[in-house]
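Each chain, written out:
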Amino acid sequence: QVQLVESGGGLVQPGGSLRLSCAASGTFFDFYVMGWYREPRGKSRELVAFISPDGSVHIEESVKGRFTISKNSVDGSKSVTVDLQMNALKPEDTATYYCKAERPGAGGVYWGQGTQVTVSS
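Owing to the predicted nature of the structure, the values given are computational and were not obtained by experimental measurement. (Residues numbered from 1 in each chain as written. Predicted model: local features only at pLDDT ≥ 70, side-chain atom pairs only at ≥ 80, totals over all residues. Heavy atoms only, no water.)

Side note on the sheet that holds strand E7 (residues 67-74)
In plain terms, the rule: At least two DSSP bridges between two strands are required for those strands to pair. Strands are runs of DSSP state E lasting at least two residues, helices are runs of H or I lasting at least four, and both sets are numbered from the N terminus onward. To get an axis, fit a line to the C-alpha atoms, keeping to the stretch in contact for a helix; angles then go from 0 to 180 degrees between the N-to-C directions.
Strand order in this open sheet of four strands is E1-E3-E8-E7, and the pairing throughout is antiparallel. The strands lining the two open edges of the sheet, one partner per strand, are strand E1 (3-7) and E7. Recorded for the sheet is a direction-independent mean angle of 15 degrees between the axes of neighbouring strands. Both strand E3 (residues 18-25) and strand E8 (residues 79-86) contribute to a ladder of eight bridges, which runs antiparallel. When the sheet's bridge partners are listed, Ala24 is paired in E8 with Val80.

In structure tokens form, the structure reads like this:
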């Protein structure tokens, strides 16, 4: 079955950096949009960034210029790692970050368990 496992969260001071990684396995991800979302405590889950099957990237305005997303496929596309590099972190970036895999038009949507990012001095 499809599994998404996030790692790399933690506590960091304002201005610091973290790199989140999502290890996706269990299917061929050629046609999946791979994305990162975040959910601040008490707020709704929101999009951070995604990378399309053709490699095009979307970064939300709130993190543009600070966050980048990248994807690396192993074993064809049967195992994919999606990284979120977060620089110049701000306290408002504090949230649980989730990885998502979605195959548009095919109904396949999968979420990871989330990883906590806390930006605080």
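Once the structure has been displayed, the description carries forward.
As for the pattern of salt bridges
The following threshold applies: Salt bridges are counted wherever a side-chain nitrogen of Lys or Arg sits within 4 Å of a carboxyl oxygen of Asp or Glu. A 1.4 Å probe rolled over the protein chains alone gives each residue an accessible area, and that area as a share of the maximum for its type sets the label: buried under 20%, exposed over 50%, partly exposed in between.
For the coordinates displayed, the defined rule picks out seven salt bridges. Taking the shortest distance from any N to any O, the salt bridge between Asp83 and Arg19 comes out at 3.2 Å. With Asp83 in strand E8 and Arg19 in strand E3, this residue pair connects regions lying 64 residues apart in the sequence. Relative accessible area serves as the criterion here: at 15%, Asp83 is assigned to the buried category. Judged by relative accessible area, Arg19 falls into the partly exposed class, the value being 44%. One salt bridge in this structure joins Asp93 and Arg38, with 2.9 Å as the shortest N-O distance.

Side note on the environment of Val57
Rules: Whether two residues are in contact is decided by their heavy atoms, any of which lying within 4.5 Å being enough.
Structurally, Val57 is set in strand E6 (residues 57-59). The class for Val57 is partly exposed, based on a relative accessible area of 45%. The contact partners of Val57, leaving out residues within four places of it in the chain, are Phe50, Ile51 and Ile69.

Quick look at the nonpolar core
The line we're drawing: The term nonpolar core refers to a set of buried residues drawn from Ala, Val, Leu, Ile, Met, Phe, Trp, Tyr and Cys, joined through side-chain atoms within 4.5 Å.
Judged by nonpolar contacts, the single largest core of 29 residues is most densely connected at Met34, Trp36, Leu84, Met86 and Tyr97. Within the residue set of this core, elements represented by two or more residues are E3, strand E4 (33-39), strand E5 (46-51), E7, E8, strand E9 (95-103) and strand E11 (115-119). For Tyr97, the contacting residues outside a window of four places in its chain are Glu6, Leu20, Trp36, Tyr37, Arg38, Val48, Phe67, Leu84, Met86, Gly114, Thr115 and Val117.

A word on the environment of Tyr32
Structurally, the position occupied by Tyr32 is in the loop between E3 and E4. In the structure, Tyr32 is positioned 67 residues away from Cys99 in sequence and 12 Å away in space, judged by C-alpha atoms. Once residues within four sequence positions are removed from consideration, Tyr32 is found in contact with Thr27, Ile51, Ser52, Pro53, Ala101, Glu102, Arg103, Gly108 and Tyr110.

Quick notes on the packing of aromatic side chains
Let me state the cut-off plainly: In this analysis, rings of Phe, Tyr and Trp, with Trp reduced to its six-membered ring, are considered paired at centre separations within 6.5 Å, and the interplanar angle assigns stacked below 30 degrees, edge-to-face beyond 60, and tilted for intermediate values. Note on criteria: charge over ring means Lys NZ or Arg CZ within 6 Å of the ring centre, with the direction from the centre no more than 35 degrees off the ring normal.
For the structure on display, the rule yields four aromatic pairs. When the ring of Tyr32 is compared with that of Tyr110, the centres are 6.4 Å apart and the planes differ by 40 degrees; the resulting orientation is tilted. Taken together, the positions of Tyr32 in the loop between E3 and E4 and Tyr110 in strand E10 (residues 108-111) put the pair 78 residues apart, joining distant regions of the chain. Judged by its relative accessible area of 31%, Tyr110 falls in the partly exposed class. When the centroid spacing of 5.0 Å and the interplanar angle of 70 degrees are considered together, the rings of Tyr37 and Trp111 count as edge-to-face. Of this pair, Tyr37 sits in strand E4 while Trp111 sits in strand E10, placing them 74 residues apart in sequence. An aromatic cluster is present here, built from Phe29, Tyr32 and Tyr110 joined pairwise through their rings. For Arg45, the ring lying beneath its charged end belongs to Tyr98, and the centroid distance is 3.6 Å. Across from the ring centre of Trp111, 4.6 Å away, lies the NZ or CZ of Arg45, which sits over that ring.

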